[in-house]
Every structure is written in C-alpha cells, then in structure tokens.
Amino acid sequence: MRLAELLCPLAAAADAGAALPPDTAQRTALIAIGIGRQLGMPSAQLSNLLYASLLRHIGCSATAHEETRLMGDEQELRSSMTGVDAASPVELFKGAARGFAKGRSRLQRARSVGNFMLRAPVAVPRIFAARCEVSVRLAERLGFGEEVLRALDETYERFDGKGVPHRKRGATLGRTSTVLAVAESVASFVRLPGGEALAFETLRKRAGGEFDPSVVLALNAARDEIVGPARRDAPLSTLLELEPAPRRYVQDPKGVALVLADFADMKSTFTLGHSRRVASLARRAAQRLGASDAELEALELAGLLHDLGRISVSNAIWDKPGPLDRGEWEKVHAHPQFTERVLSIAEPFAELARLASADHERMDGGGYPRGAAPTCLQRVLAAADLVQALLEPRPHRPAHSAELAAKIAVSEANAGRLDSRAVNAVLEVLGQSTLRANSPEGLTEREIQVLKLLAQGFVDKEIATKLGISHRTVHHHNQSIFSKLGVTTRSAAALFAVENALL
C-alpha cells in the first residue's frame, strides 16, 4: 500500500480541522513539487515536499480545545485568519472583525475581537508551538526523516523572522519549509472564484516578508505549468501519478490508522485515547462472538478510524457543558458522514469507510447518519463505542462506573436499540457479565449456538459432537428454540438466524 495514498484521509481531515478548503494539502503537494522541479531540487527532496505537504497541519487537532477557550469557536478563529498576514496587528484585527462571533450582537462581536487581540500575542505562539511539536511526533511515528520533521517544525515560521515559535529567518529556514509556505498560499485559494489571482497578488506583496522571494520567482517563472495540476477537480489521482521517487510503501495500515486515531482523539481533552480503547474492546468482543481473523482486523481498524469525522465539528460543540441546540445536533449527526468521505479517499481504507462510520447506527433504525439497521460487525462497533464513551468523562457529566455503564448498555439492548449479543460480548470483555441483555426472543447462549449450527445444515448428531453435548440435549434445545421463535421448520429457524445476524 502506498503511504502517500494512506495519508490522504489524514490530510483531508487536517484540512477540515484547520478550516482550509477541501484538498488543500493535496493541491499544496502538487504545487510544491512543481516549484521544487523548477528550482532543480533532487527527487528525494521532491518526495519530502509531497509528504510534508500532506502532514503539514496534523497538529491542528491538538490545540482545538485551547483555541476554543481563547475565542469560543476554533473553527471560526481559523477560518477568519486564513490568508491573513499574522505579523500585522492591523491585518489580524481586520480578520477578527470580519469573522468572529457571526450572528451575534455588535457588542458581543466587539468583546470577542477585543479579547482575542489582548490575548493573542501570548496565546498564539504557544498554540503554534504545540501544533508543530505534535506534528513532528506523529510524523516520527510514521518513520519520516529529518527534512520532513524540520519542515513540520517550521510550518509557521516566516522568511522575515516574524513567524513562530522559533523566529527563524532567511537562510536559517529549510528549503522545504519556504517552498511549502508559498505552495500552500496558492493552494488555499486556487479553486475559489478569483482566488488564484488574489493569491499571486498576495505573493507579490509579501515576497521578502512572509515568503522567500526566490521561491516566489521560481513559481512565477512557470506559473501555468506548476499550478495546472492543482486546478483539477480530483487531485489525488494526479498526485499519485506525479509522486516522485522514492515512493514509500507500507505492509500494514495499522500504524497509519493509529496516527489517525490519536489525531482525531486529541480534538478534545475528553476523548484522548478513546479510539484506541474502542478498537481493542470491539476486537475482543467480536472474538468472543466467533469472528474470523479478517473480520477482527477490519473491526479493529474501523475502531481506530471511527471518530475521524469529529475533526469537522467545532470544539465549541464537543466541549459544551450544557445541552446542544438543534443546529448543533445536526452538525454532530453529520460527523460520521465526514468519516466515511475522507476514508473513501484511500483505497486501502475505503472498504472500511461504511463500517467505521456506523458506530452511531441503531437496531431500530433510530441512529445516524443513515438510520439503517447495522450489520454484524457494525453492531459490535456500536456497542463498544457506547460502552467506552460511558466509561469516560464528557463535558456535561463525569465518567460512569463500569456497573452503571453496563446497566445503560443493557437497557439500550433490551429496548431494541443495540444488539444484545454484541452488548453481552462487550460486557464480558469488561468483566461485567453478571448483568446481561436479553437475547433475541429470549434464546440462551447455548440455544443460539445450536441455532447457528442448525441453520448451517448440521443434523442433531453433528451438532452434539461439535458442542460436546448429548444428542438428547440437542433435541431438547431444538424444541425450545422452535417454541420461542414460533416456527416449526429448520428453514424458518434459519431465516430467523439470518434476519437477526446470528450467523
């Protein structure tokens, strides 16, 4: 599996988290590679430009909660500052006045802008330093070398030395960093009406200040050739086609999935480690239910990836201590769709997209985003996610005890919203098996085992041998099963097993 493709869902989520237009990271990579070729950079450096572009904002989730405390809505803060000259207090004020506290009273907006201008000189360098540090650590886990790590550490530096956090300037900046700064300034606007012309006018004005003038000159020397690939509707196929050597491959996507999980969970201090725990809990529960090795691997990966869509929703909602209003709930209900969309970008993750985005689906069709009855593995993921969330604190409540979490999960299963077998398996993994959800039609675990074998065509004698019980006991189980299900034939019993995902 090509690493560049596996990183595209992470890049897409980071674009959304940083309030950048869709596919900005991919378009940045295409423009950066073009500039690098114009500058005569060797193939290995061009490869580093591509990877550093895709990883450029993966630290943005780590500071979302702090930015929300600073301004009230980190998405509003970030979108207001896109394209703003951060070294100019006047430009910062204009950006804040233009985008902060939309829809609120003039007084509230004035207070929001004033509070930001007062606190920004201290808070912003600290926030950007944290972003850079987290980006570097996540990139290290993916095995990237010094040049990529340096570029991530210099994401918010400027050619004139007015950037953060290290105030580097001129020749002290890496070439990869200066190229990426110019490339992203164009990529962020290239798909907007009139945006490309505006981006090049900004480059002209800020060359020698925010941007390295030699990089701006190289871009201008071959503008159409360099920017052309980034203008296309779907840049991923172009990016993979133009990816320079050496191309990197991975045998197992789990390492990338773990980075995606931690990236998503850092969005809120209340969810740190949540995806890792859900993945482990779901896998162990599915193992108890007899899932195959391939199903276990798929479910674990889906558990790691299931909350990637949280990045698309503001922390003003996730960290709100009180009840959500209708508009806020609509945004929450949409986040699994974002999960599915970004995972579908990369072919190795695409087959997991539907599974990973179904953690909020319910048996009665009352879940979201589709309101559809979940499949077997989706039922396990939904049960594991709910139980794990109950065990963790949230802004509106403390963490529940294991006993209370089990009680709530069982009540959800008995009400027909969660699958009883999935809930029972999750509770068994957690050591909370004393309280059990009712099985379909009151079937016991042994009866479910018999029914599964019966549905697969095994006769009573074969079932007895497989389960290590007597032929007479199997006969008694059959009578009980038929009675509880209200059927008289094995075919009807088998249909029940299919309808209730017992196979």
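Up top is the structure these notes are about.
Figured I'd write up the structure that's included with this text. (Residues numbered from 1 in each chain as written. Predicted model: local features only at pLDDT ≥ 70, side-chain atom pairs only at ≥ 80, totals over all residues. Heavy atoms only, no water.)

### Observations concerning the nonpolar core
Ranked by size, the top nonpolar core spans 115 residues in total, and within it Leu 7, Leu 55 and Phe 349 carry the most contacts. Ranked by the residues each element gives to this core, the list is headed by helix α1 (residues 3-17), at 10 residues. Discounting residues that sit within four places of it in the chain, Leu 55 has contacts with Leu 7, Leu 10, Ser 135, Ala 139, Leu 142, Phe 144, Val 148 and Leu 152. With 18 residues, the next largest nonpolar core counts Val 450, Ala 464, Leu 485 and Ala 497 among its residues. (Core = buried A, V, L, I, M, F, W, Y, C linked by side-chain atoms within 4.5 Å. Buried < 20%, exposed > 50% of the residue type's maximum accessible area, 1.4 Å probe, protein only. Helix = DSSP H or I, 4+ residues; strand = E, 2+ residues; numbered from the N terminus. Contact = heavy atoms within 4.5 Å.)

### Points about the side chain of Glu 300
Mapping Glu 300 onto the fold places it in helix α16 (residues 293-305). Setting aside anything within four residues of it in sequence, one finds Glu 300 in contact with Lys 254, Ala 279 and Arg 283.

### Describing the pattern of salt bridges
For side chains bearing opposite charge, pairing can occur when the charged atoms are close. This model, assessed by the stated rule, comprises 35 salt bridges. For Glu 184, the salt bridge identified is with Arg 56, shortest N-O distance 2.9 Å. Residue Glu 184 is located in helix α9 (residues 175-187), and its partner Arg 56 is located in the loop between α3 (43-55) and α4 (64-71); the two are separated by 128 residues in the primary sequence. Note on Arg 56: relative accessible area 6%, which makes it buried. Two residues, Glu 428 and Arg 288, come together in a salt bridge whose shortest N-O distance is 3.4 Å. Placement of the pair is Glu 428 in helix α23 (residues 420-429) and Arg 288 in helix α15 (residues 274-288), with a sequence separation of 140 residues. Bridged by salt links that share partners, the residues Asp 85, Arg 158, Asp 160, Arg 206 and Glu 210 form one connected network. (Salt bridge = Lys/Arg side-chain N within 4 Å of Asp/Glu carboxyl O.)

### Here's the deal with the environment of Ile 127
Position of Ile 127 relative to the elements: it lies in helix α7 (residues 106-141). A relative accessible area of 4% places Ile 127 in the buried class. Through-space distance from the C-alpha of Ile 127 to that of Glu 66 is 7.6 Å; in sequence the pair is 61 residues apart. In contact with Ile 127, other than residues within four places in its own chain, are Thr 63, Glu 66, Glu 67 and Leu 70.

### Considerations on a nonpolar patch on the surface
On the surface, Leu 495, Val 498 and Leu 503 cluster together into a nonpolar patch covering about 290 Å² of accessible area. Mapped onto the secondary structure, Leu 495 falls in helix α27 (residues 490-499). (Patch = residues over 30% accessible without salt bridge, like charges linked within 9 Å, V, L, I, M, F, W, Y side chains within 5 Å. Areas by Shrake-Rupley, 256 points an atom, 1.4 Å probe, with all protein chains shown as cover.)

### Some words on α1
An ideal rise of 1.5 Å per residue puts 21 Å on 15 residues; α1 measures up with 21 Å between its terminal C-alpha atoms. Across the 15 residues that make up α1, a large majority, 14, are buried. Ala 19 sits one or two positions beyond α1 and adopts a positive phi of about 60 degrees. (Expected span 1.5 Å × (residues − 1).)

Treat this as a map of the structure, not an account of what it does.
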